[in-house]
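Below, each chain spelled out in residue letters.
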Amino acid sequence: METTNSVPPPIDEESTENRGSMWDLDQKLDQPMEEEAGRLKNMYREKKFSSLLVFRLAFQSLGVVYGDLGTSPLYVFYNTFPDGIKESEDVIGALSLIIYSLTLIPLIKYVFVVLRANDNGQGGTFALYSLLCRHAKVNTIPNQHRTDEQLTTYSRHIFHEKSFAAKTKRWLEATALRRNLLLILVLVGTCMVIGDGILTPAISVLSAVGGIKVDHPKMSGDVVIVVSAVVLVGLFSMQHYGTDRVGWLFAPIVLLWFLLIGGIGAFNIWKYDSSVLKAFSPVYIYRYFRRGGWRTLGGIMLSITGTEALFADLAHFPVSAVQLAFTMLVFPCLLLAYTGQAAYIIKNQDHVIDAFYRSIPQSIYWPVFIIATGAAIVASQATISATFSIIKQALALGCFPRVKVVHTSKKFLGQIYIPDINWILMLMCIAVTAGFRNQSQIGNAYGTAVVTVMLVTTFLMILVMLLVWRSHWILVVIFTVLSLIVECTYFSAVLLKIDQGGWVPLVIAVVFFIIMYVWHYGTVKRYEVELHSKVSMAWILGLGPSLGLVRVPGIGLVYTELASGVPHIFSHFITNLPAIHSVVIFVCVKYLPVYTVPQEERFLVKRIGPKEFHMFRCVARYGYKDLHKKDDDFEKKLFENLFLFVRLESMMEGCSDSDEYSLYGQQTVRSGDSQLTENRNMISLNVDSTMTSSGDDGIIPAQASALIAASNFFSSAGQTSHQSELDEMEYLKSCRDAGVVHILGNTIVRARRDSKFLKKISIDYIYAFLKRVCRENSVIFHVPHESLLNVGQIFYV
């Protein structure tokens, strides 16, 4: 069944204009769930780690966080001097730039500043965006409710009206253009991270495998390409096993890698030229720029690649462990490795192309080659996993088409696998490796992607420091100036190499940006038309308890994106079919700008209309790290929360002298509201007081204990409410046993005839194509085919 509608400009869900009898009626019978959310409010224990545990976690973080940054010595000097070295002092100047780049960007900016801006341990551009969405109304999908702010994971600050943070918040919220620009900035950073997921495996594996030619100089370059392609195919083919199964290998490999490159670097400093230590003086940076060293910055910048992955892969480790690993091991070993390579190059300037492998003592060459290949695979694995993670975040926030997401670990929520994206990345990675055939052009492309992500992080951090941290403006200025001086300098250098491979990440970013932005635009338009066309409660009540139809045994789950109001799909359904189920539950699956929603806080249940209507609303809330998994019995948990709601509601009514609905034309008056509110507050108090924390992973509320406490509190209310509760519970269970039908809306949006050309292309072609090829909602919700009913609608926007 389909219908066609032409929809006027959308009305905001929170708007309070044009109030009247219908507005009052809707507010009476379908209010937001502040009380229901308040009952679930609880607190998490602050996680504390012993010193021994921090050291163990710091060791484990090596295999996940630092693989990309640690393999940079394989190709930095080659990409810095692809045409050879003219003067020895150029090597000293380049080394000095590397030293201070590592100090300013990874060490000071990321390890000691940016890592503190994590979202409850989650890192990356979308984690920063979620922080901003909680502290300012910048989310472009207007589905926020006050109930969301009562989640334990929904932490935010209250601003003083005259504070600089409040002024910044008002400025950011003032126009839709600024909110859209912020979203575009986040999407650009996301697209560049996806580009990293393609370029990191290409350059890391190609650089590692290239070591074969050092020992066998007559070998054809085609052999290196073929071997690299085979390694890449094997790498991407193993992704479905997940990092958890092979993760125990990662940390020892990377630890051994850092110790080897640090030791080899110290050996080369002692053996070849200890005078390279003068590169620690910044004077040589000035001299290097005077001799035209600015043109080589694209290669030097590769020394800090992987820094963004350091932030994006933060999920599994505390900040203290990541900071400890970097300052105690990664940073000193990288300095030794680059300094040792520089000492070797000064004495062997013709070997700059293969400087890393030629500087290795012959006796340990092949063991180092094997470990280098393993470290390159680990580096690639970390970047691919970060790509999966950020696409999942984008999907949850309505910025990416629905794709299949698979959990690969029962212990770590963030370890996921996306099959479709995995094979797309593999094909593009092999295409880049075979197309460029050398590290230099891939390095130029890699540099463009990395510096763009860093710039995006800097701009988001400025807002985080102002809105979330409420830092003094002087500190914000210092951070901004220091970051932009370094990153804009590198950015200006990589722009010169756009025609030498730097165009690759731009093309990748443009393709993914179009996909993500158009999908988000279509999602917003679809939400707006559903919001505007929702049905008034006055119309529903006017139909009577039977809704003007035959009420057949069973439960109908009507899926909607609206967290309040009756969706148009429902009125369309009951006006075209002569029957509806005895119990109707409007199910809203909603993603919030938080990393996770605890299981005990996931469902909110509310009754819609009088009891004899048997209509409920259930809002299921998820964070951007949460997943719908097949082993999660969504339907079972929904009914458990529904039955719990009926019991609590019955107890509250037992203390109310009069709590009945009276219908007068188009207005409904409910008596005893103040008494009921008081009773509900008392119930909330009892439920909250019984929430107990358990374990290090969060809290498990004692729902059974809460119910017992509430039962004892209301035991003197009489048996009438108890009997009413039993009757309704039996009725609900009998309806559930009769059958559950899932009613899904298939809303199709099309551009109006008088729409602009760009809008028609976006909605009618790109968005329509993406909607056809992405996964259906029925698959995502794991709805059995025999219990599925699709209702089609067409809206013109």
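Quick notes on the rules
Residues numbered from 1 in each chain as written. Predicted model: local features only at pLDDT ≥ 70, side-chain atom pairs only at ≥ 80, totals over all residues. Heavy atoms only, no water. UniProt positions renumbered as here; feature names shortened; annotations may be inferred. Helix = DSSP H or I, 4+ residues; strand = E, 2+ residues; numbered from the N terminus. Buried < 20%, exposed > 50% of the residue type's maximum accessible area, 1.4 Å probe, protein only. Contact = heavy atoms within 4.5 Å. Areas by Shrake-Rupley, 256 points an atom, 1.4 Å probe, with all protein chains shown as cover. Core = buried A, V, L, I, M, F, W, Y, C linked by side-chain atoms within 4.5 Å. Pairing = 2+ DSSP bridges. Salt bridge = Lys/Arg side-chain N within 4 Å of Asp/Glu carboxyl O. Patch = residues over 30% accessible without salt bridge, like charges linked within 9 Å, V, L, I, M, F, W, Y side chains within 5 Å. Axes fitted to C-alpha atoms, helices over the stretch in contact; angles between N-to-C directions. Parallel < 35°, antiparallel > 145°, perpendicular 65-115°, else oblique. Left-handed = near helix turned anticlockwise from the far one by under 90°. Nonpolar A, V, L, I, M, F, W, Y, C, P; charged D, E, K, R; others polar. Expected span 1.5 Å × (residues − 1). Bend = angle between axes of the 7 residues up to and from the residue. Phe/Tyr/Trp six-rings, centres within 6.5 Å; stacked < 30°, edge-to-face > 60°. pLDDT = per-residue confidence, 0-100.

Looking at an unreviewed UniProt entry, one finds the protein named Potassium transporter, with Papaver somniferum as its source organism. The UniProt entry for the protein carries this comment under Sequence similarities (unreviewed entry): "Belongs to the HAK/KUP transporter (TC 2.A.72.3) family." Listed in UniProt under the heading Subcellular location (unreviewed entry), the comment for the protein reads: "Membrane".

Colleague: Where do I start with the overall build of the protein in this structure?
Modeller: Scanning the protein for helices and strands turns up 30 helices and eleven strands. Among the 797 residues that make up the protein, the fraction classed as buried is 57%. Long-range contacts, defined here as pairs at least 24 residues apart, represent 85% of the contacts in the protein between residues at least 6 apart. In the structure as shown, the protein presents an accessible area of about 33,300 Å², 59% of it carried by carbon and sulfur atoms.

Colleague: Teacher, can you tell me more about helix α7 (residues 125–135) here?
Modeller: Along an α-helix, residues three or four positions apart point the same way, because every turn accommodates 3.6 residues. Within α7, eleven of the eleven residues are buried, which leaves it mostly tucked inside the rest of the structure. All of the buried residues along α7 are Thr 125, Phe 126, Ala 127, Leu 128, Tyr 129, Ser 130, Leu 131, Leu 132, Cys 133, Arg 134 and His 135.

Colleague: What is the right way to read the nonpolar core from this model?
Modeller: Where a protein is soluble and globular, its nonpolar side chains tend to be buried together. By size, the foremost hydrophobic cluster in this structure holds 160 residues, and its most contacted members are Tyr 66, Phe 258, Leu 310, Phe 326, Tyr 357 and Phe 400. Listed in part, the 25 residues of the second largest apolar core include Val 589, Tyr 622, Leu 638 and Leu 744.

Colleague: Can you walk me through the environment of Thr 575 in this structure?
Modeller: Relative to the helices and strands, Thr 575 is located in the loop between α24 (568–574) and β5 (579–591). Each C-alpha atom of the pair Thr 575 and Gly 548 lies 9.6 Å from the other, and the pair is 27 residues apart in sequence.

Colleague: What is the right way to read the pairing of β5 from this model?
Modeller: Looking along a regular strand, one sees the side chains alternate between the two faces of the sheet. With respect to burial, β5 is a largely interior element, eleven of its 13 residues being buried. Looking at chain direction, strand β4 (residues 550–560) and β5 are connected through nine bridges and run parallel. From the neighbouring strand, Val 550 faces β5, where its bridge partner is Ala 579. In this sheet, strand β7 (residues 615–622) lies alongside β5 in parallel orientation, the contact comprising eight bridges. Bridging from a neighbouring strand, Val 584 pairs with Met 615 of β7.

Colleague: Would you mind going over the pattern of salt bridges with me for this structure?
Modeller: A side chain of one charge can pair with a side chain of the opposite charge when the charged atoms of the two come close. Counted according to the given criterion, the structure contains eleven salt bridges. The partner of Glu 89 in a salt bridge is Arg 287, and the shortest N-O contact between them spans 3.6 Å. Taken together, the residues Glu 89 in helix α6 (residues 88–111) and Arg 287 in helix α13 (residues 283–290) connect sequence positions 198 residues apart. Judged by its relative accessible area of 27%, Glu 89 is partly exposed. Among the salt bridges present, the one from Arg 291 reaches Asp 90, with a minimum N-O distance of 2.9 Å. With Arg 291 in the loop between α13 and α14 (297–300) and Asp 90 in helix α6, this pair connects stretches of sequence that are 201 residues apart. The partly exposed category is assigned to Arg 291, whose relative accessible area is 32%. Classification of Asp 90 as buried rests on a relative accessible area of 12%.

Colleague: Hey, could you run me through a nonpolar patch on the surface in this one?
Modeller: Taken together, Phe 164, Trp 473, Ile 474, Leu 475, Val 477, Ile 478, Val 481, Leu 482 and Ile 485 make up a surface patch of nonpolar side chains, about 890 Å² in accessible area. Of all the elements, helix α21 (residues 473–495) adds the most residues to the nonpolar patch, at eight residues. Take Leu 475: it is sitting in helix α21.

Colleague: Would you mind going over the packing of α6 against α21 with me for this structure?
Modeller: For any two helices packed against each other, the geometry comes down to the angle between their axes and how far apart the axes lie. Closest axis-to-axis distance for the α6/α21 pair is 11 Å, and the angle between their directions is 135°. When the axes of α6 and α21 are compared, the pair comes out oblique. Taken as a pair, α6 and α21 cross one another with a handedness that is left-handed. Here α6 contributes Leu 97, Ser 101, Leu 104, Ile 105 and Lys 109 to the contact with α21, which in turn contributes Phe 479, Ser 483, Val 486, Glu 487 and Tyr 490. When the residues that make up the contact of α6 with α21 are grouped by side-chain class, the tally is six nonpolar, two polar and two charged.

Colleague: So what exactly am I meant to see when it comes to the pairing of strand β6 (residues 603–608) here?
Modeller: Extensive coverage of β6 is indicated by the burial of six of its six residues. Neither face of β6 is open: one carries Phe 603, Val 605 and Arg 607, the other Leu 604, Lys 606 and Ile 608, and all of them are buried. Pairing of β6 with β7, which is carried by six bridges, proceeds in the antiparallel orientation. Looking across to β7, one finds that Phe 603 is bridged to Ala 620.

Colleague: How should I be thinking about helix α16 (residues 319–347) in this particular structure?
Modeller: The end-to-end C-alpha separation of α16 is 41 Å, in line with the 42 Å expected for 29 residues at 1.5 Å each. At Phe 326, α16 shows its maximal kink, close to 45°. Of all 29 residues in α16, 22 are buried, a share of seventy percent or more.

Colleague: It is not clear to me how unusual backbone geometry should be interpreted in this structure. Could you clarify?
Modeller: Note on backbone geometry: most residues besides glycine have negative phi, and most peptide bonds are trans. Of note in this structure, Arg 470 is not a glycine but carries a positive phi near 55°. Mapped onto the fold, Arg 470 is located in the loop between α20 (439–467) and α21. Phi is positive for His 614, which is not a glycine, with a value near 55°. With respect to the helices and strands, His 614 occurs in the loop between β6 and β7.

Colleague: Whenever I open this one, the packing of aromatic side chains confuses me. Can you help?
Modeller: Aromatic ring pairs are defined here through the distance separating the ring centres and the angle between the ring planes. In total, this model carries 21 aromatic pairs according to the counting rule given. Considering the side-chain rings of Phe 388 and Tyr 417, the 5.9 Å spacing of their centres and the 80° angle between planes classify their relative orientation as edge-to-face. In this pair, Phe 388 is assigned in helix α18 (residues 365–396) and Tyr 417 in strand β3 (residues 416–417), connecting sequence segments 29 residues apart. Under the relative-accessibility criterion, Phe 388 is labelled buried at 0%. Overall, the relative accessible area of 7% leaves Tyr 417 in the buried class. With a centroid separation of 6.4 Å and an interplanar angle of 90°, the aromatic rings of Phe 616 and Phe 645 are classed as edge-to-face. One end of the pair, Phe 616, is in strand β7; the other, Phe 645, is in helix α25 (residues 634–654), with 29 residues separating them in the sequence. Of the residues examined, Phe 645 reaches a relative accessible area of 7% and is grouped as buried. Joined through ring pairs, the aromatic side chains of Trp 257, Phe 356, Tyr 357, Tyr 365, Trp 366 and Phe 369 make up one cluster.

Colleague: Is there a simple way to think about the confidence of the model for the protein in this case?
Modeller: Caution applies to low-pLDDT parts of the model: their predicted coordinates are not meant to be read in detail. Per-residue pLDDT for the protein averages 77, and the proportion of residues at 70 or more is 78%. Of the regions scoring below 50 in pLDDT, residues 6–27 engages in 44 contacts with residues more than four places distant in sequence or in other chains. Low confidence marks residues 655–718, where pLDDT is under 50. Its contacts with residues over four positions away, or in another chain, come to 102 contacts.

Colleague: What exactly am I supposed to notice about the packing of α7 against α18 here?
Modeller: Contact geometry for α7 and α18: axes closest at 9 Å, N-to-C directions at 30°. When the interaxial angle is binned, α7 and α18 end up roughly parallel. In contact with Thr 125, Phe 126 and Ala 127 of α7, α18 contributes Ile 390, Gln 393 and Ala 394.

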